[in-house]
Amino acid sequence: MSPSPLPNPAEQAEQALRTRQLRRVALSGLLGTAVEFYDFLVYGTVAALVFGELFFPGADPAVGTIAAFGTFAAGYVARPLGGIVFGHFGDRLGRKSMLLLTMGLMGGASFLIGLLPTYETIGVWAPVLLITLRVLQGIAIGGEWGGATLMVVEHAGERRRGLWSSFTQMGAPLGSLLSSLVVTMVVAMPREQFAAWGWRVPFLLSVVLLGVGLFVRLQVVESPLFTRVKKDRGQARLPLLEVVRRPRALVLAACVGIGAFTAQSLLTSYLISYATGIGYPRPQVLTALTVSAAVALVVLPCASALSDRVGRRPVVLAGAVASAALAFPVLALVDSRSPGLLILAVVLGHGIAQSVMYGPLGALLTEMFGTRVRYTGASLGYQLATLIGAGFSPMIAGSLVAANGGSGTPVALLICGGAAITAVTVWFVRETHQETLGEAAVPAGARKQEVAS
């Protein structure tokens, strides 16, 4: 029996280098997305607590809340634009440079929100500037997720794309956890102080997170798949045109994420307004969100790793079914006015069910598009899902709850509706977890030779 060949030292060194780089890219995706979501979610939290009275004074409290969530929606409307703009240049020039730009834009816009004068100081210009900065936030985050996710996936190889992509997905609950912790500290101060200056602190602190994120992101190298395409001069001239020319993959990518984003927005941002409106103290609501985010940090990688074994479709479908089944029980737990049951409700609905839906999306959406157009396709599909699922859900929920005398039934119905769209869409999405990225670039139902990867 011949002895096993000794490992090649050069191959070992190359493999060790690839592993270190993959870990660095994963950390970059985690921190970068956490910074982006921290900034984005701080806005949603503070909007629910105080923006109505500071930037839209004189209105009925319910109208002020709806107006505040209107600026919240403005950020979501801008996200597809960010996906198109940064996706175009990410597919043309490279992933890394676009990710540095998105992080800088998001951090700068958040810091300026923390410096904004209120309506009492500059009148109507206060909400105008607030909406403008919110739109810039939306443009930035619209380009962030796609670039960060596909950087990880394109470095990860073929076997554990789901698990590695979960690091970027975990940026959302990590950002939520950080935002909840910071906001919890500032809302503990007297109401007058919080309204006067305390609400600014979470926005100003984003500069610290921005510095850390940029430092880590500067250490990563460009995606090897994009480098190969660029070397062969295979970049698409107009990536958006190539994506919309075969719209099936884009439509499926947009629809499959709607359930996760509907549940996310209603069980985080809108929940603060709803729960405080029925008598919960703000610190109790923020505590529930903090616990839920911590649970999501465990569930997300588990769901993503499971999708590497059994497929993306079964895991996303299981999360959608669980989200729909739990919608009314979760609402009943919230309406119980029990702090412990409130925590249980948010953990079940958001920390577990929503996270199971959300975890595999990073790998799934990335695998639906070829390298030439992957940044544009994945980003635009993801951001359209957030616009449809999350952008208007808090505003619609606020209007329906007010029209129904404070009943939260519309909230549960919206969660069920979003989950149903995801569950139906999953049946039309082709399973891609065992394919190479080139093979996985084929839209569902299309012939492989029709797609340029």
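Named according to an unreviewed UniProt entry, the chain is MFS transporter originating from Streptomyces gottesmaniae. The UniProt entry for the chain carries this comment under Subcellular location (unreviewed entry): "Cell membrane".

A.B. asks: Go over helix α15 (residues 269–277) with me, naming the residues and quoting the values.
C.D. replies: Among the nine residues in α15, seven count as buried, and that is most of the element. Turning to α15, its buried residues are S269, Y270, L271, I272, S273, Y274 and A275.

A.B. asks: Hey, could you go over the packing of aromatic side chains for me, with residue numbers and the actual values?
C.D. replies: Applying the stated criterion across every chain, the model contains six aromatic pairs. Where W164 meets F167, the ring centres are 5.5 Å apart and the plane angle is 25 degrees; that geometry is what we call stacked. Taken as a pair, W164 and F167 lie in helix α6 (residues 161–169) at a separation of three residues, close to a single helical turn. A residue is classified by how much of its surface remains accessible, and W164, at 12% relative accessible area, is buried. We classify F167 as partly exposed; its relative accessible area is 28%. Ring plane angle 85 degrees and centroid distance 5.0 Å describe the contact between F261 and Y382, whose orientation is recorded as edge-to-face. Residue F261 is located in helix α14 (residues 258–266), and its partner Y382 is located in helix α20 (residues 374–391); the two are separated by 121 residues in the primary sequence.

A.B. asks: Give me the lowdown on the pattern of salt bridges, citing residues and values where you can.
C.D. replies: Applying the stated criterion to the full structure yields eight salt bridges. The partner of E144 in a salt bridge is R217, with the nearest N and O atoms 2.8 Å apart. Of this pair, E144 sits in helix α5 (residues 125–156) while R217 sits in helix α10 (residues 206–217), and the two are 73 residues apart along the sequence. Like R217, E144 is buried. Between D308 and R312 there is a salt bridge, with the nearest N and O atoms lying 2.8 Å from each other. Here R312 falls in the buried class, since its relative accessible area comes to 0%. Members of the salt-bridge network, linked through shared partners, are D91, R95, E154 and R374.

A.B. asks: I'd love a proper account of a nonpolar patch on the surface, names of residues and values included.
C.D. replies: Nonpolar side chains collect at one region of the surface, where Y119, I122, V124, W125, V128 and L129 lie side by side and expose about 530 Å² of accessible area between them. Of all the secondary-structure elements, those providing two or more residues to the nonpolar patch are α4 (119–122) and α5. Broken down by element, the residue count for the nonpolar patch peaks at three residues, all from α5. For V124, the location among the structural elements is in the loop between α4 and α5. Residue V124 is classed as exposed on the basis of its relative accessible area, which comes to 53%.

What counts and what doesn't
Residues numbered from 1 in each chain as written. Predicted model: local features only at pLDDT ≥ 70, side-chain atom pairs only at ≥ 80, totals over all residues. Heavy atoms only, no water. UniProt positions renumbered as here; feature names shortened; annotations may be inferred. Buried < 20%, exposed > 50% of the residue type's maximum accessible area, 1.4 Å probe, protein only. Helix = DSSP H or I, 4+ residues; strand = E, 2+ residues; numbered from the N terminus. Phe/Tyr/Trp six-rings, centres within 6.5 Å; stacked < 30°, edge-to-face > 60°. Salt bridge = Lys/Arg side-chain N within 4 Å of Asp/Glu carboxyl O. Patch = residues over 30% accessible without salt bridge, like charges linked within 9 Å, V, L, I, M, F, W, Y side chains within 5 Å. Areas by Shrake-Rupley, 256 points an atom, 1.4 Å probe, with all protein chains shown as cover.

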